[in-house]
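# Analysis of the macromolecular model
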Amino acid sequence: MARMTNKKRAQTNKQLWDKANNSHRQRWQVLSQKGYDFYLNEQLTKEEIDALNEAGMPTFTINRVTPIVEIMKYFVTANNPRWKAVGATGDDTDVAQIHSDIADYCWYISNGKSLFSQVVQDSFTKGIGFMMVDVDADKDRGMGEVVFRRIEPFDVYIDPMSRDFLFRDAAYIIVKKDLPKHH
């Protein structure tokens, strides 16, 4: 089997990203950004503000969306999840308990409750929220730790052929982050 060169790998990734960054995804991102702006109390466009000012009308808004999102977020995240691994047979319950304890520990060191709150807010204001399991090589004095992280929904590009609501049938999921050149 021939080794894929970095240039070929980059071309393949670019082709997959082009497929995922289609007009439907771009439209979703524009509409989701408007919804997020609305949540941030940026509910009037510049044209609407100018028209109201020209007519001598007030330009303030009464934001009823943000308090509702905050209440819903509170109720969804009020308690930490309980991690429960279950052994396949009766003799592996101790191993299952270790897995449950490790998941709980990773949640704790990741500040999971705050992280989950951000993911829930993303789902309410942008239509979807993402959390991933990652390794932070700098934690534990350089020995590394498994941690949970939030991913900005606008940085995620999913195979457009995926039909499962959890994207389990996606051939690929790309996380693309634009960074300044000096980074």
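A brief look at the structure comes next. Just so it is clear, the structure is predicted and the values come from calculations on it, not from any experiment. (Residues numbered from 1 in each chain as written. Predicted model: local features only at pLDDT ≥ 70, side-chain atom pairs only at ≥ 80, totals over all residues. Heavy atoms only, no water.)

## Observations regarding helix α2 (residues 23-39)
Three or four residues apart is the spacing at which side chains of an α-helix point the same way, because the helix has 3.6 residues per turn. This is how it is decided: Numbering of helices and strands runs from the N terminus, with a helix taken as a DSSP run of H or I at least four residues long and a strand as a DSSP run of E at least two residues long. Given a helix with a known number of residues, its expected span is that number minus one, times 1.5 Å. Burial classes: relative accessible area under 20% of the type maximum marks a residue as buried, over 50% as exposed, and values in between as partly exposed (1.4 Å probe, protein chains only). What the arc measures is the spread of directions leading from the helix axis to the C-beta atoms. Contact definition: two residues touch when any of their heavy atoms are within 4.5 Å. A 3.5 Å cut-off defines polar contacts: any pair of N or O atoms within that distance qualifies, except that in protein one atom must be a possible hydrogen donor and the other a possible acceptor, and neighbouring residues in sequence count only when both atoms are side-chain atoms.
With 17 residues, α2 extends 24 Å from end C-alpha to end C-alpha; this agrees with the ideal 24 Å at 1.5 Å per step. Residues of α2 that are buried include every one of Arg25, Ser32, Tyr36 and Tyr39, and no others. Taken around the axis of α2, the buried residues stretch over an arc of 50 degrees, which confines them to a single face. Of the residues in α2, the exposed ones pointing more than 90 degrees away from the buried face are Ser23, Arg27 and Lys34. Where α2 is buried, its residues touch α1 (6-20), α4 (65-77), α6 (112-126) and β3 (156-158). At the N-terminal end of α2, a side-chain oxygen is found 3.1 Å from the backbone nitrogen of histidine 24, two or three residues along, and the residue is asparagine 22. Of the residues flanking the end of α2, it is asparagine 41, one or two places downstream, whose phi is positive at about 70 degrees.

## Describing the packing of α2 against α6
Basically, it comes down to this: Every axis corresponds to a line fitted to the C-alpha atoms, with the helix fit spanning only the stretch in contact, and the corresponding angles, defined between N-to-C directions, vary from 0 to 180 degrees. For classification purposes, an angle smaller than 35 degrees is called roughly parallel, one larger than 145 roughly antiparallel, one from 65 to 115 roughly perpendicular, and anything else oblique. Amino acids outside the nonpolar list (Ala, Val, Leu, Ile, Met, Phe, Trp, Tyr, Cys, Pro) and the charged list (Asp, Glu, Lys, Arg) are all regarded as polar, and Gly is one of them.
Running from N to C, α2 and α6 cross one another at 110 degrees; their axes reach a closest spacing of 8 Å. In this view, α2 runs roughly perpendicular relative to α6, as classed from their interaxial angle. In this structure, α2 uses Trp28, Ser32, Gly35, Tyr36 and Tyr39 to contact α6, whose residues at the interface are Gln121, Thr125 and Lys126. Within the contact of α2 with α6, the residues separate by chemical class into three nonpolar, four polar and one charged.

## Digging into the side chain of glutamate 145
Stated formally: The positive count covers Lys and Arg only, the negative count covers Asp and Glu only, and His and the chain ends enter neither. By definition, a salt bridge exists where a carboxyl oxygen of Asp or Glu is found within 4 Å of a side-chain nitrogen of Lys or Arg.
Note on placement: glutamate 145 falls in strand β2 (residues 145-151). One buried charged side chain, glutamate 145, makes no salt bridge at all; its nearest oppositely charged neighbour is lysine 139, positioned 7.7 Å away. Those residues within four positions of glutamate 145 in sequence are excluded, and the remaining contacts are Tyr105, Ile109, Asp134, Val135, Asp136, Lys139 and Asp140.

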